[in-house]
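# Secondary and tertiary structure notes
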2 protein chains.
Amino acid sequence: MALTPGSRPPLRVAVLGCGVVGTEVVRRLVTEGDELAARVGTRLELVGIAVRSLDAERDEVVDRDLLTTDADALVRSADVVVELMGGIEPARSLVLAALGAGACVVTANKALLAQDGPTLYAAADAAGVDLYFEAAVAGAIPIVRPVRESLAGDTVQRLLGIVNGTTNYVLDSMTTEGLDLEQAVKEAQALGYAEADPTADVEGYDAAAKAAILASLAFHTRVALDDVDRTGITALTAADVAWAERTGHVLKLLAVAERARTAEGRDGVLVRVQPTLVPADHPLAGVRQAFNAVFVEAEAAGELMFYGRGAGGAPTSSAVLGDLVSVARHRVLGGKGPVESSHADLPVLDRGEARSRYQVRLEVDDRPGVLSRVAAELAAQDVSIESVRQTPQLTGDDASATLVITTHTAPERAVRATVEAVAALPVVRQVVSVLPVL
Amino acid sequence: MALTPGSRPPLRVAVLGCGVVGTEVVRRLVTEGDELAARVGTRLELVGIAVRSLDAERDEVVDRDLLTTDADALVRSADVVVELMGGIEPARSLVLAALGAGACVVTANKALLAQDGPTLYAAADAAGVDLYFEAAVAGAIPIVRPVRESLAGDTVQRLLGIVNGTTNYVLDSMTTEGLDLEQAVKEAQALGYAEADPTADVEGYDAAAKAAILASLAFHTRVALDDVDRTGITALTAADVAWAERTGHVLKLLAVAERARTAEGRDGVLVRVQPTLVPADHPLAGVRQAFNAVFVEAEAAGELMFYGRGAGGAPTSSAVLGDLVSVARHRVLGGKGPVESSHADLPVLDRGEARSRYQVRLEVDDRPGVLSRVAAELAAQDVSIESVRQTPQLTGDDASATLVITTHTAPERAVRATVEAVAALPVVRQVVSVLPVL
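What counts and what doesn't
Residues numbered from 1 in each chain as written. Chains lettered and ligands numbered in written order. Predicted model: local features only at pLDDT ≥ 70, side-chain atom pairs only at ≥ 80, totals over all residues. Heavy atoms only, no water. UniProt positions renumbered as here; feature names shortened; annotations may be inferred. Helix = DSSP H or I, 4+ residues; strand = E, 2+ residues; numbered from the N terminus. Rg over C-alpha atoms; globule rule 2.2 N^0.38 Å. Buried < 20%, exposed > 50% of the residue type's maximum accessible area, 1.4 Å probe, protein only. Contact = heavy atoms within 4.5 Å. Areas by Shrake-Rupley, 256 points an atom, 1.4 Å probe, with all protein chains shown as cover. Lys, Arg positive; Asp, Glu negative; His and termini not counted. Charge placed at Lys NZ, Arg CZ, Asp CG, Glu CD. Pairing = 2+ DSSP bridges. Buried area = accessible area lost by both parts, 1.4 Å probe. Salt bridge = Lys/Arg side-chain N within 4 Å of Asp/Glu carboxyl O. Polar contact = N/O pair within 3.5 Å; in protein donor to acceptor, adjacent residues only side chain to side chain. Phe/Tyr/Trp six-rings, centres within 6.5 Å; stacked < 30°, edge-to-face > 60°. Least-squares fit on C-alpha atoms with pLDDT ≥ 70 in both. Core = buried A, V, L, I, M, F, W, Y, C linked by side-chain atoms within 4.5 Å. 1 Å grid on protein atoms, 1.4 Å probe; cavity = no way out; pocket = protein on both sides within 12 Å on 5 of 7 lines; lining within 4 Å. Points joined across faces, edges and corners; volume = space filled by probe spheres on them. Nonpolar A, V, L, I, M, F, W, Y, C, P; charged D, E, K, R; others polar. Axes fitted to C-alpha atoms, helices over the stretch in contact; angles between N-to-C directions. Parallel < 35°, antiparallel > 145°, perpendicular 65-115°, else oblique. Left-handed = near helix turned anticlockwise from the far one by under 90°.

Chain A is annotated in an unreviewed UniProt entry as Homoserine dehydrogenase from Cellulomonas phragmiteti. Here chain A is described in UniProt, under the heading Sequence similarities (unreviewed entry), as follows: "Belongs to the homoserine dehydrogenase family." Per UniProt, the comment on chain A under Function (unreviewed entry) is "Catalyzes the conversion of L-aspartate-beta-semialdehyde (L-Asa) to L-homoserine (L-Hse), the third step in the biosynthesis of threonine and methionine from aspartate."

In C-alpha cells, the structure reads:
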C-alpha cells in the first residue's frame, strides 16, 4: 500500500498553547507541509491554535485567523490534538475531552503525565486512540520510543538520566568556571537557561517528573511523582564541585530508576533524583552545558546512551512532530501505538534500599587515631571502605583536616546510620557532605 | 483495549539461523516467554529453527526438536520470521517467500538490505506486512526506529556514525597502546572483535552497508551499497594516529551521510565511509573500544547521539526482540509500521562535492621558502589554510621537516587537485597523508 498524499482527506490538527514550543510546531506544520504530507500519506491541516490571549504578540508564522480562546470547542473538532500548554488544568480536561471525542493526542506535558498518567492512558485505551509524549522527557532526544518499543524485548535494569538542562548548565558552570551556586544560577538565568523562579529545576521537581515517566515505561509499573525520592542541587557548594574534580569525578544531578531487591528478597524498583559523583571517564560525565542524556543498562543490550538537547522550542518541536507523524500514520495506515504497560506492577521500594558507593567528606581534628575511630563506626554498620584521603587544612588556628572516605557499595540506610554515628564522634567537627558515587 | 495474553492464539515465530545471535534470540524467547507475552498481548511460540546442520553442537537452550534444515517449509508456516542467517542467498529467497506468504519479517541482514532493500520493501508493502531491521545497523543501539519514527517530523542534515566495532577497536588500540595496524588487528582477532579474515571490516564494506541503510532512511531516498564512497583503515599507520593526537584529534572510521548542494545548486546526498580526524572534544571522540555511536544533526532537534554496543549475540538479540515485539503487537492490535519512504528521491552526488576541512601531512625539505611555495598551490585552488605546523625531522642525514596543514572547509575535488600539485613541487618529498577533519 503506497502512500499517496492528496487521495485522502487531510487530518485536522489542533494545537493547544502557542508559546516557544507551540510556535515552532506551527512553523514546521506550515513550512514543511508538503514533506510531512509525503511522510504521513495525507496532509496535516492546522485547524486552530488555542491561546489565552488573542492580542499577544506572535511570530509572523502564526496565522491569527487560526487563534481561538475556545480550546474546548477546538479539541472536539480535531483528528489530532497537540497539547503544549503545560500545567495540570485546563490541560488535563482538554486532553481527556480530546481523547473522549476520538482524537489522538500528542503532549509534552511531563507534570500532567507524572501526576495523572494512568487516567490519561486509560482514556486513550478506552477510546482506542494514541497518546504520545516523546517531548515530555529530554526534549529532542528520542527516549520514550526507544524504551517502550526498541527495548520492548529486553529487560531494563537501570536508567540514569541527566534530564534537566538547567541544573546541568549550573553544575557545569560551577565545575568549569569555579562559580558558586548562586552565581551560576544567575548566569543561567541571564542566558535563558533558567527561569526567574528556578525552584522547579534546582529542587529537582522537573527531573523527578521525568524520572517517574521513564521508570513507568522501563519497568512496566506505575510510578507516580510522589514515588520519586528527590534531592535538588541547592545544598551543593563550590567546595563540593572542587572535591568532585579532585577525586576524579564530575558532579551531576541524576535521575536514577533501577530494579532492586530488598534484603528480604522482595523485588521492586527504586526511583530517585539526586546529585551524584560521576566518574570522569563515564559517558555521562561528558554531558556539558544544557545538554541532556539518558544512560540505559539493559540485560541483553548492555549499556546504551541517548544524548541531545533537552529543551528549547525547536528541539522540543522535533519530538512533537515525530509523534504527530506517528499517530497520523496510524490514522492513515490503521493500527495504533503501544498502550500503557503496567503488568509488572512492581512495588516502589524505600530509598534506604538503594545500594551505591558513597563519598563522605568530614572535617576532623588533625591528630593521630582519628581515622581509626571513624573507620570503626563504618565497620560497625558493615560499610566497607574503598579509599580514604586525608588533607590537612592550612587555614585557621587549630589543626583540622578534611577526610574524604569513599565506601564500597552499601545500602543507603546503612550509610545514613553510619554518618549519624560518625557525626557524634568528638573528633569529628562536621559532616560536610555525603554524596552517592556512580 | 487491554492486552490479555492467553485469550488470543499464540503467534508462530520461526528463526532462520542459529549462530551467536540466533542462539541469544532463542534464549530470550524461551526464558522470557511470560514477560514477552504480557508485552505483546499473546504468546510468541517458537515453531522452528532453520539450520544448515542438525548435528552441530548447540547451546542447551536450543530445543533440538525445533531444528530443521527445511527453511523453505518453515517460513511458510510462521506468522513472524526472524532472519539471522546473513549473506544474500538463501536469505533473500526465504525473506521474499515469508513476506509472500503473509508473514512479518525481522532481519539483522545489513548486506541484504543494502544490496536489495527496495525489492524487499516492495514485497512487504505488497503483502501489507512489516519488515523490521533495527539489528542491521549498530547492533543494540536503537537507531533505525529513531530515524524513521522519532525524527519523522524533522529534517536530518547529517549523520555521522561509528558503525563498525572492529575498526573502532583497532583504531582505539593504535591510539591508546601505540600499536601499528597489523598488531592491533591481531589483538582484535585474539579477543574475538575481528574475524579471521577481517576484510569486510577493515576495508569498510560493513560500515558502507550500514551507511547506505541509514542514508536511505534519513533522506527518504534510495541509497545502495554502490552509492557509498568507501575508504577503509588499511592505509593508516601508527604515525597517522600519533599525529592525530598531537593535533588534538582522534582518528575514527566514520560513516558520513549528508545533504549537500553542488556548486550549480543541485541538491543531493553524499554518503561515504572514511577515516576522519575527530576533534578530541566531540562526543564521537569518546567512543572507545568496540562501542558504536551515531551522531545526528537535524534541523529542529539539533545534535543527537546514540551510543551502545554495535555487535555481539546478546546486544544484537535485544534489537531483534524489540522488533519482534513491535511487529507482534501489530498482529495483535492491528496496523503496521512505517513502509519504505523514498519520495524525496535525491540524487547521490559525487564525492568530489563533499565539503570538509582537511589535514594534509607532507615531508618537505627543511629550508626557507618551502611553506610559501606550498601555500601558493593551495591558494591557486582556492583552498584556504586554517593552520600550519612545521616540525623538523631529527633523524636522517639531510634536513627534512614534517609540514601539517589544516585547511578551512573546501570541496574534496579542490583538495585533491591541490594535493596533486603540491606533490609535484621539488621541495615536497612525499605527501604522507590527506585526512578529512570533522
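### Here's the deal with the overall build of chain A
The helix and strand tally for chain A stands at 14 helices and 17 strands. Computed over the C-alpha atoms, the radius of gyration of chain A is 25 Å, within 12% of the 22 Å expected from 2.2 N^0.38 for a compact globule of 438 residues. Here the C-alpha coordinates of chain A stretch approximately 85 × 50 × 35 Å along the principal axes. Per-residue burial for chain A yields a buried fraction of 58% across its 438 residues. Across chain A, the fraction of contacts at a sequence separation of at least 24, relative to all contacts at a separation of at least 6, is 72%. Carbon and sulfur atoms form 48% of the exposed surface of chain A, whose accessible area is close to 16700 Å². Side chains of chain A give 40 positive and 59 negative charges; the mean places of these two sets differ by 3 Å.

### Considering the sheet that holds strand S1 (residues 11-16) of chain A
Whether parallel or antiparallel, the strands of a sheet pair through hydrogen bonds between backbone atoms. Pairing within the open sheet is parallel, and its six strands lie in the order S3-S2-S1-S4-S5-S6 (chain A). Two strands bound the open sheet, and with one partner strand each, they are strand S3 (67-68) and strand S6 (131-132) of chain A.

### Some details on the side chain of Ser317(A)
As for its placement among the helices and strands, Ser317(A) is situated in helix H12 (residues 313-333). What Ser317(A) contacts, discounting residues up to four positions off in sequence, is Val21(A), Glu24(A), Val25(A), Arg28(A) and Ala300(B).

### Points about unusual backbone geometry
Residues and elements named next belong to chain A. A cis amide bond links Glu 89 to the next residue, Pro 90, at an omega of 10°. Tracing the chain through its elements places Pro 90 in the loop between strand S4 (80-83) and helix H4 (91-100). Phi at His 220 is positive, roughly 50°, even though this residue is not glycine. In this fold, His 220 is placed in the loop between helix H10 (205-219) and strand S8 (229-230).

### Notes on the interface of chain A and chain B
Residue-level contacts link 54 residues of chain A with 54 residues of chain B. Taken together, the two surfaces of chain A and chain B that pack against each other cover about 4500 Å², and 51% of this comes from carbon and sulfur. Linking chain A to chain B there are six salt bridges. Close ionic contact of Arg145(A) with Glu149(B) constitutes a salt bridge, the shortest N to O distance being 3.7 Å. Between chain A and chain B we count 22 residue pairs in polar contact (both at pLDDT 80 or more) in total.

### A word on the packing of aromatic side chains
Residue and element names in this part refer to chain B. Enumeration over the complete set of coordinates arrives at seven aromatic pairs over all chains. For the pair Phe 291 and Tyr 307, a centre-to-centre distance of 5.0 Å together with 5° between the ring planes defines the contact as stacked. Within this pair, whereas Phe 291 is found in strand S11 (residues 291-298), its partner Tyr 307 is found in strand S12 (residues 302-309), the two being separated by 16 residues in sequence. Note on accessibility: Phe 291 and Tyr 307 belong to one class, buried.

### So, H4(A)
Residue and element names in this part refer to chain A. Within H4, burial applies to Ala 91, Leu 94, Val 95, Ala 97, Ala 98 and Leu 99. Each element contacted by the buried residues of H4 is listed here: S1, helix H3 (71-75), S4, strand S5 (104-107) and helix H5 (110-127). Gly 102 occupies a position one or two residues after H4 and carries a positive phi of about 90°.

### Remarks on the relation of the copies chain A and chain B
Superposition record for chain A on chain B: RMSD 0.0 Å, screw rotation 180°, translation along axis 0.0 Å. Taken together, the turn and the small shift mark the pair as related by a two-fold rotation axis. Of every C-alpha in chain A, the one belonging to Gly335(A) sits nearest the axis of rotation, 1.6 Å from it. An overlap of 100% is found between the interface residues of chain A and their copies at the interface of chain B, pointing to a shared contact surface.

### A few points about the nonpolar core
Counting residues in each nonpolar core, the largest one holds 233 residues, and the members touching the most others are Leu29(A) and Leu29(B). Those residues in contact with Leu29(B) that sit more than four places away from it in its chain are Val13(B), Val15(B), Leu36(B), Leu44(B), Leu46(B), Leu321(B) and Leu324(B). Phe291(A), Tyr307(A), Leu160(B) and Leu438(B) belong to the second-largest nonpolar core, a separate cluster that totals 29 residues.

### Structural notes on empty space enclosed by the protein
Here the structure, examined in full by the defined rule, presents 14 cavities of 30 Å³ or more. Around the largest cavity, the lining comprises 18 residues; the ones closest to its centre are Glu149(A), His330(A), Tyr132(B), Glu149(B) and His330(B). Looking at the lining of the largest cavity, the elements that each hand over two or more residues are H12 of chain A together with helix H12 (313-333) of chain B. Of the residues contributing to the lining of the largest cavity, the split by class is six nonpolar, six polar and six charged. Lining the second largest cavity are 14 residues, with Ser216(A), Leu217(A), Val339(A), Glu340(A) and Ser341(A) sitting closest to its centre.

### A look at the packing of H4(A) against H5(A)
Residues and elements named next belong to chain A. Running from amino to carboxyl end, H4 crosses H5 at an angle of 15°, the nearest separation of the two axes being 9 Å. The angle between H4 and H5 falls in the class roughly parallel. Judged by the sense of rotation from one axis to the other, the crossing of H4 with H5 is right-handed. In contact with Ala 91, Arg 92, Val 95, Leu 96 and Leu 99 of H4, H5 contributes Leu 112, Asp 116, Thr 119, Leu 120, Ala 123, Ala 124 and Ala 127. A per-class count over the contact of H4 with H5 returns nine nonpolar, one polar and two charged.

### Brief notes about the pattern of salt bridges
Inspection of every chain in the model, using the stated rule, returns 58 salt bridges over all chains. For Asp229(A), the salt bridge goes to Arg351(A), with nearest N and O atoms at 3.5 Å. Note that Asp229(A) is positioned in strand S8 and Arg351(A) in the loop between H12 and strand S13 (355-365), a separation of 122 residues in sequence. Arg367(A) is the partner of Asp365(A) in a salt bridge, and the nearest nitrogen-oxygen pair spans 3.4 Å. For Asp365(A), a relative accessible area of 14% translates into the label buried. Several salt bridges converge on common partners, so that one network encompasses Glu134(A), Arg145(A), Asp323(A) and Glu149(B).

### Some details on the pairing of strand S2 (residues 44-50) of chain A
All names here are of chain A. Judged by how many residues are buried, S2 sits mostly within the fold: six of seven residues are covered. As paired strands, S1 and S2 are joined by six bridges and run parallel to one another. In the sheet register, Val 13 faces S2, and the bridge partner there is Leu 46. With two bridges joining them, S2 and S3 adopt parallel strand pairing. Each bridged residue has a counterpart across the sheet, and for Ala 50 the counterpart in S3 is Thr 68.

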